[in-house]
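# Working through the structure, step by step
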Amino acid sequence: MKHLLTMAELSPTEIEEILSEAKGFKNGEKWTPEAPKYIANLFFENSTRTKCSFEMAERRLGLEVIPFETQTSSVSKGETLYDTVKTLEAVGVDAVVLRHEHDRYFDGLKDQLSIPILNGGDGCGNHPTQCLLDLMTIHEEFGTFKGLKVSIIGDISHSRVARSNAEALTKLGAEVFFSGPPEWFPDDLVEDGRYLPIDEAVKAGDAVMLLRVQHERHESTSALTKEEYHQEFGLTVERADLMKEHGIIMHPAPVNRGVEIADELVESPKSRIFKQMENGVYVRMAVLKRALISQGGE
Amino acid sequence: MKHLLTMAELSPTEIEEILSEAKGFKNGEKWTPEAPKYIANLFFENSTRTKCSFEMAERRLGLEVIPFETQTSSVSKGETLYDTVKTLEAVGVDAVVLRHEHDRYFDGLKDQLSIPILNGGDGCGNHPTQCLLDLMTIHEEFGTFKGLKVSIIGDISHSRVARSNAEALTKLGAEVFFSGPPEWFPDDLVEDGRYLPIDEAVKAGDAVMLLRVQHERHESTSALTKEEYHQEFGLTVERADLMKEHGIIMHPAPVNRGVEIADELVESPKSRIFKQMENGVYVRMAVLKRALISQGGE
Amino acid sequence: MKHLLTMAELSPTEIEEILSEAKGFKNGEKWTPEAPKYIANLFFENSTRTKCSFEMAERRLGLEVIPFETQTSSVSKGETLYDTVKTLEAVGVDAVVLRHEHDRYFDGLKDQLSIPILNGGDGCGNHPTQCLLDLMTIHEEFGTFKGLKVSIIGDISHSRVARSNAEALTKLGAEVFFSGPPEWFPDDLVEDGRYLPIDEAVKAGDAVMLLRVQHERHESTSALTKEEYHQEFGLTVERADLMKEHGIIMHPAPVNRGVEIADELVESPKSRIFKQMENGVYVRMAVLKRALISQGGE
């Protein structure tokens, strides 16, 4: 049975297989399970975007989606996450997509279930389908990861995506740089030479990947206003002129227009932001298929 | 591509086409898109009734409905409505039904999307599918709009329906009168001779259309108690006896029983209130078909 | 037309028919309505477990489920339950599953609707599908109800299940005992000899049915801490050793691990707790089929 929990567990070959499957779906290939399959999306932390994307992927595969409202669930009566998921298993759900605010919430679950978990994001930890859709978008653009330079800019510490993207990209042969407010950086990253001043990072990247400023976390701790952030660490219109001719702009969204990126750039020719969202559906179709097939019966 | 935003944008011919299509659906005609189509219902303002009706219409057309919870969406993280809808477009949603508390929220969207919006209500402005279901119910009853008299009674100022119904009915050849508490009336309506005392309005109408008293808006501003409103401006049992023999009672619901209408009248022979709800599904099937066909690919 | 409101309304023969139908579904029998059927689940009181189980049952029967959010419904604008259900009837819903915090909420509805209600729980009153799934689990185990002894342990007064299970089991030929904190007991039960000290109840039962301690109701009224409850009235590991060799442990869930039952026992060989959840889906398929067929058109 194949959970999808972290990028670290995937070999380069497995990543390539998933991306290839996703590309197939984008090119119109079809797959639906032979018998009806039931999926529940458990989002204990809000994320309409990721949830909608999974919903679209599930519907396109002809899966039956069982609604599950986490706010009103028995978890609020003190039920453990284990008992909740075990219940879904008992009523016949074939796989769960799970997002939870606790880092590695899945460690207490993964070996005790007979149905796969697809991690839709855990705490400040992992968000493998976001990482896969970023990889797909980059690969679609450049045809390879080898020798590519990717600059990741923003709040590295709190980003689920930054570290796992960096690991995966490095594993696949790309070179990764970071930039952003130094106080938001883990010390090791600042010291290992991969931290670049913002203009250098923008110049260096074949892909310039901006992270969302999470105002809800930082308003009190950062000394910067939104405008100051934009000028010092955001992709301004002027700074975007420093980019390589073939360089692309990426962002996991939702975008703070005028903060990490200038309003005018969001839908500019270099931007792949809405393409990332589009690709997210195909990547999720691929990992859902992978999980359901791994259970056999197909 | 055909949005459905306001009644004003529809010509009499287009209205008749929609009503004819709706009538066909009521008579058992079927239509489903050739390829799967995906719809999202974005209700930023609550309306279980309208939402359920759209859901029924969507299911009857064989559409896939992607759940979208506005309360927990990225809009609460500051995302613009434009970016939210654009995201849905990017993940492959083919049309959105949108209800929002801002008047004409769609002005900033309509020219920038490649998918149609069906307006499920905006602020105190428009609610075209409610209007269309009212028109369908009247037409079903009388076979025409020409020469009909329609009395609209209640809170005209805050009603999405009153003005657009009045415009549409007039355009189609009916004559419209108004009644209700004068302080809830726009000055122009009071002065142009279409305002009638309540008993006159009840006597005049082939259709007597009551509006919901929105206690949540008025409790503090109106000097009338519920009982007083009922006696002065509601359709009491006594007042209903003034109605024409073939006259019908309409109400957009939810009904405040004993306020704008006597409890006993809600399901009386003259009432078309539940028929309006029934017709709402067929009207929504018609406008959904219209929107999806306009995108081509069908 | 066949509502399913209480166990009391079902004859032993009807109960056996439902259980037999449910067993058929468990053995892989299929049934889907000839024309599309639309269901709404109205849970005015939270219960993710029961709702998910109904959703699974509905999907397995190929029914279309119309989402209905009770929190944001017009009920919050003062609409009566009657008008809400009548609206759903008007838009074309074929049956409603309803859970509501008022005891016997259905008395004002059942004779005025043309669509069936399936009671998903009312106040402290009835929860017939929970009762039926308990019966199915017992019958699956022992092949009969005649002569069986069932011990129900816990908060009898506040349990929807305890009394209706007891009535149904007695009607079917089983003998029922009770145990738990005496202050949570109705006087009549304590006095009629069916109340046993906890160890006796555990020894006596072919099925030992534990009820959930509803902390949210009792914290202030009960003098017992969770640990004390577990020692005095819970199924501890030691106490479980008193059970009959063929005895089974049941619990409606969600379980308070370490309160009414020791953590280690929840998935022990004697436990049928997750099997109960599994059976719940089949029982609900059976009663949904029964309700839809009773409307004719099938």
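Computed from a predicted model, the values in this text were never measured in an experiment.

Turning chain B through 120 degrees and shifting it by 0.0 Å along the axis lays it on chain C, with an RMSD of 0.0 Å. These values place the two chain copies in the arrangement generated by a three-fold rotation axis. Closest to the rotation axis within chain B is the C-alpha of Pro67(B), separated from it by 5.2 Å.

Take the pairing of strand 3 (residues 95–100) of chain B next. Residues and elements named next belong to chain B. Of all six residues in strand 3, six are buried; the element is thus mostly enclosed. Alignment of strand 3 against strand 4 (residues 117–122), held across four bridges, turns out to be parallel. For leucine 98, the partnering residue across the bridge sits in strand 4 and is asparagine 119.

Taken together, the contact between chain B and chain C spans 20 residues of the former and 21 residues of the latter. A buried area of about 2,000 Å², summed over both sides, lies between chain B and chain C, and 53% of it is on carbon and sulfur atoms. Among the residues of chain B in contact with chain C, Thr48(B), Met56(B) and Arg59(B) are the three that bury the most area, contributing 28% of the side total. Run the count over chain B and chain C and you get four salt bridges.

As recorded in UniProt, the feature "binding site: carbamoyl phosphate" (unreviewed entry) lies at Arg49(A), Thr50(A), Arg99(A), His127(A), Gln130(A), Ala253(A) and Pro254(A). Lining the second largest pocket, from the residues just named, are Arg49(A), Thr50(A), Arg99(A), His127(A), Gln130(A), Ala253(A) and Pro254(A). With respect to the helices and strands, Arg49(A) occurs in helix 2 (residues 48–60). We classify Arg49(A) as buried; its relative accessible area is 11%. What Arg49(A) contacts, discounting residues up to four positions off in sequence, is Pro252(A), Ala253(A), Pro254(A), Met277(A), Ser74(B), Glu79(B) and Thr87(B). Take Ala253(A): it is sitting in the loop between strand 8 (248–250) and helix 11 (273–294).

Right, let's get into the pattern of salt bridges. Where side chains of opposite charge bring their charged atoms close, a pairing between them can arise. Applying the stated criterion across every chain yields a total of 60 salt bridges over all chains. A salt bridge links Lys149(A) to Glu175(A), with the nearest nitrogen and oxygen atoms 3.8 Å apart. Separated by 26 residues along the polypeptide, Lys149(A) in strand 5 (residues 149–153) and Glu175(A) in strand 6 (residues 175–179) bring together distant segments of the chain. Glu175(A) sits in the partly exposed class, given a relative accessible area of 38%. The partner of Glu14(B) in a salt bridge is Arg290(B), and the shortest N-O contact between them spans 3.5 Å. Of the two residues, Glu14(B) is situated in helix 1 (residues 12–26) and Arg290(B) in helix 11 (residues 273–294); the sequence distance between them amounts to 276 residues.

Take the packing of aromatic side chains next. Using the criterion set out here, one finds nine aromatic pairs over all chains in the structure. Between Tyr229(A) and Phe233(A), the aromatic rings sit 5.8 Å apart at their centres with planes inclined by 45 degrees, giving tilted as the arrangement. Placement of the pair is Tyr229(A) and Phe233(A) together in helix 9 (residues 226–233), with a separation of four residues, close to one helical turn. Exposure class is identical for Tyr229(A) and Phe233(A). Each is buried. Arranged with centres 6.4 Å apart and planes meeting at 65 degrees, the rings of Phe44(C) and Phe68(C) form a pair that is edge-to-face. Within this pair, whereas Phe44(C) is found in the loop between strand 1 (38–43) and helix 2 (48–60), its partner Phe68(C) is found in the loop between strand 2 (64–66) and helix 3 (81–91), the two being separated by 24 residues in sequence. As far as burial versus exposure is concerned, Phe44(C) and Phe68(C) are alike and both buried.

On to the interface of chain A and chain C, then. Opposite the 21 residues of chain A that make contact, chain C presents 20 residues. Taking both sides of the interface into account, the surface hidden between chain A and chain C amounts to around 2,000 Å²; carbon and sulfur atoms contribute 54%. The largest per-residue losses of area from chain A upon contact with chain C belong to Thr72(A), Lys77(A) and Val91(A), which jointly make up 28% of the total buried on that side. On the surface where chain A and chain C come into contact, there are four salt bridges. The closest approach of N and O atoms between Glu69(A) and Lys51(C), which form a salt bridge, is 2.8 Å. One can count seven residue pairs in polar contact (both at pLDDT 80 or more) joining chain A with chain C. Looking at the side of chain A that touches chain C, the elements that each hand over two or more residues are strand 2 (64–66) and helix 3 (81–91) of chain A. Broken down by element, the residue count for the side of chain A that touches chain C peaks at seven residues, all from helix 3 of chain A. Among the residues making up the side of chain A that touches chain C, the classes are represented as 10 nonpolar, five polar and six charged.

Cut-offs applied
- Residues numbered from 1 in each chain as written.
- Chains lettered and ligands numbered in written order.
- Predicted model: local features only at pLDDT ≥ 70, side-chain atom pairs only at ≥ 80, totals over all residues.
- Heavy atoms only, no water.
- Least-squares fit on C-alpha atoms with pLDDT ≥ 70 in both.
- Buried < 20%, exposed > 50% of the residue type's maximum accessible area, 1.4 Å probe, protein only.
- Helix = DSSP H or I, 4+ residues; strand = E, 2+ residues; numbered from the N terminus.
- Pairing = 2+ DSSP bridges.
- Contact = heavy atoms within 4.5 Å.
- Buried area = accessible area lost by both parts, 1.4 Å probe.
- Salt bridge = Lys/Arg side-chain N within 4 Å of Asp/Glu carboxyl O.
- UniProt positions renumbered as here; feature names shortened; annotations may be inferred.
- 1 Å grid on protein atoms, 1.4 Å probe; cavity = no way out; pocket = protein on both sides within 12 Å on 5 of 7 lines; lining within 4 Å.
- Phe/Tyr/Trp six-rings, centres within 6.5 Å; stacked < 30°, edge-to-face > 60°.
- Polar contact = N/O pair within 3.5 Å; in protein donor to acceptor, adjacent residues only side chain to side chain.
- Nonpolar A, V, L, I, M, F, W, Y, C, P; charged D, E, K, R; others polar.

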